[in-house]
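# A structural walkthrough
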Amino acid sequence: LRGDLLASIQAAAGLDAVEALRVHALGKQGAITGLLKTLGAMRPEERQEQGPRIHGLREAITAALAERKAVLERLALDARLASETLDLTLPVDGVPPGSVHPVSQVMDELAEIFADLGFAVATGPEIEDDWHNFTALNIPETHPARAMHDTFYLAGEHEPKMVLRTHTSPVQIRTMMTQKPPIRIIAPGRVYRSDSDATHTPMFHQIEGLVIDKGITLGHLKWTLETFLKAFFERDDIVLRLRPSYFPFTEPSAEVDVGYSVVNGKRVIGGSEGWMEVLGSGMVHPKVIAACGLDPEEWQGFAFGTGVDRLAMLKYGMDDLRAFFDGDLRWLRHYGFSA
Ligand code: PHE
């Protein structure tokens, strides 16, 4: 029995087989267990002789089972380690890395530039109520300025009326209603107007700026815009032109042009051979400050709004706005935005 069992244990190919042998030898109905049971019925002299033999057998088999089990476990571990080896030096074939879309990239850049000037980032909902988008910004129901925006209204009866925000200016209102001045924020985000051609898409991106503090003047506005445009276009020869204009929520209002020069037949920002409009701005209208529950005698400020997509087009020399939202990798590659 000892020889047979030891041979079988040596030959056991897997942990299951070892376990089966253990049950066969040492289990309740096992061969060795059976032998142990016979001891009780033996005469004392016989038991004195057989006892040590049977116990010895049990110990030998128990030890052999444990050893075989250890060997098999080690083999299994070695096999697993061998099969799971990862060769980190192998070349990878052509999984192109993704890239950040030019619009997101420009928004990140702007957030960084303005962070250096002490501006925090604020946000608001894209589905906006009529009060935040128009009324609080001094654009009453009957005001012709509402026609300036070809607005998407939400279908159905809503009280208040809901729109896809036509500009990021409602974030000015939301910020003034919830934060105590001094306020310095920018608000980048999507805006919507019913418009579509090479330079207009129904959805586009704006970035709003708002400063509310004591003693703020047009000079602060001009310096801030100049500093931001120099940093953004990475040029020192940026020339600005503030043109008197009209927005219901600023007074006075100015449209800001940036000078360009013509290099190899292409317009490049910098210099002053020609002018390109880049943003709308002005001193926040006292009525807007009052609508937000602040005292316009105490607090003044400036605001501006500009198209992020337009800034990206100017910086990277892209000419069709619609291509921004086509998701065509060839276009991204052409402008160096994708591998
Ligand atoms: N909201 C204006 C627009 O969309 C831009 C603007 C913002 C003008 C802030 C003045 C001040 O055209």
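Keep in mind the model is a prediction, meaning the values are calculated, not measured. (Residues numbered from 1 in each chain as written. Predicted model: local features only at pLDDT ≥ 70, side-chain atom pairs only at ≥ 80, totals over all residues. Heavy atoms only, no water.)

## Things to note about the environment of Gly327
Topologically, Gly327 is positioned in the loop between helix H10 (308-316) and helix H11 (329-334). Separated by 189 residues in the primary sequence, Gly327 and Asn138 place their C-alpha atoms 38 Å from one another. (Helix = DSSP H or I, 4+ residues; strand = E, 2+ residues; numbered from the N terminus.)

## Describing the packing of aromatic side chains
For any pair of aromatic rings, the description rests on two quantities: the centre-to-centre distance and the angle between the ring planes. Within this structure, the stated rule accounts for 11 aromatic pairs. Plain terms: the ring middles of Phe324 and Trp331 are 5.1 Å apart, the flat faces sit at 55° to each other, and that makes the pair tilted. Accessibility assignment for this pair places Phe324 and Trp331 in one class, buried. Taken together through their ring pairs, the aromatic side chains of Phe114, Phe119, Phe228, Phe302 and Phe304 make up a single cluster. Stacked on the ring of Trp299, the Lys or Arg Lys214 has its end atom at 4.9 Å from the ring centre. Across from the ring centre of Phe232, 4.6 Å away, lies the NZ or CZ of Lys315, which sits over that ring. (Phe/Tyr/Trp six-rings, centres within 6.5 Å; stacked < 30°, edge-to-face > 60°. Buried < 20%, exposed > 50% of the residue type's maximum accessible area, 1.4 Å probe, protein only. Lys NZ or Arg CZ within 6 Å of the ring centre and 35° of its normal.)

## Quick notes on the nonpolar core
A general feature of soluble globular proteins is that nonpolar side chains tend to end up buried together. If you look at the biggest cluster of nonpolar residues, it comprises 40 residues, and the most contacted ones within it are Leu110, Leu225, Phe228, Phe232 and Phe324. Among the secondary structure elements, those contributing two or more residues to this core are helix H5 (102-116), strand E5 (203-213), helix H8 (218-233), strand E7 (250-263), strand E9 (274-284), strand E10 (300-307), H10 and H11. If we skip the residues at most four places from it in the chain, Phe324 touches His101, Pro102, Val103, Asp309, Ala312, Met313, Met318 and Trp331. (Core = buried A, V, L, I, M, F, W, Y, C linked by side-chain atoms within 4.5 Å. Contact = heavy atoms within 4.5 Å.)

## Section: the site of the ligand
Taken together, 14 residues form the shell around the ligand, and within it His167, Ser169, Arg193, Gln206 and Gly305 come nearest. His167 is positioned with one of its side-chain polar atoms (N or O) 3.0 Å from a nitrogen atom of the ligand. Within the side chain of Arg193, a nitrogen or oxygen atom sits 2.9 Å from an oxygen atom of the ligand. Protein burial of the ligand: of its 330 Å² of free accessible surface, 91% is covered by the chains. The set of elements that each furnish at least two residues to the shell around the ligand consists of E5, E9 and E10. The element contributing the most residues to the shell around the ligand is E10, with three residues. Looking at side-chain class alone, the shell around the ligand contains four nonpolar, eight polar and two charged residues. (Near = heavy atom within 4 Å. Polar contact = N/O pair within 3.5 Å; in protein donor to acceptor, adjacent residues only side chain to side chain. Areas by Shrake-Rupley, 256 points an atom, 1.4 Å probe, with all protein chains shown as cover. Nonpolar A, V, L, I, M, F, W, Y, C, P; charged D, E, K, R; others polar.)

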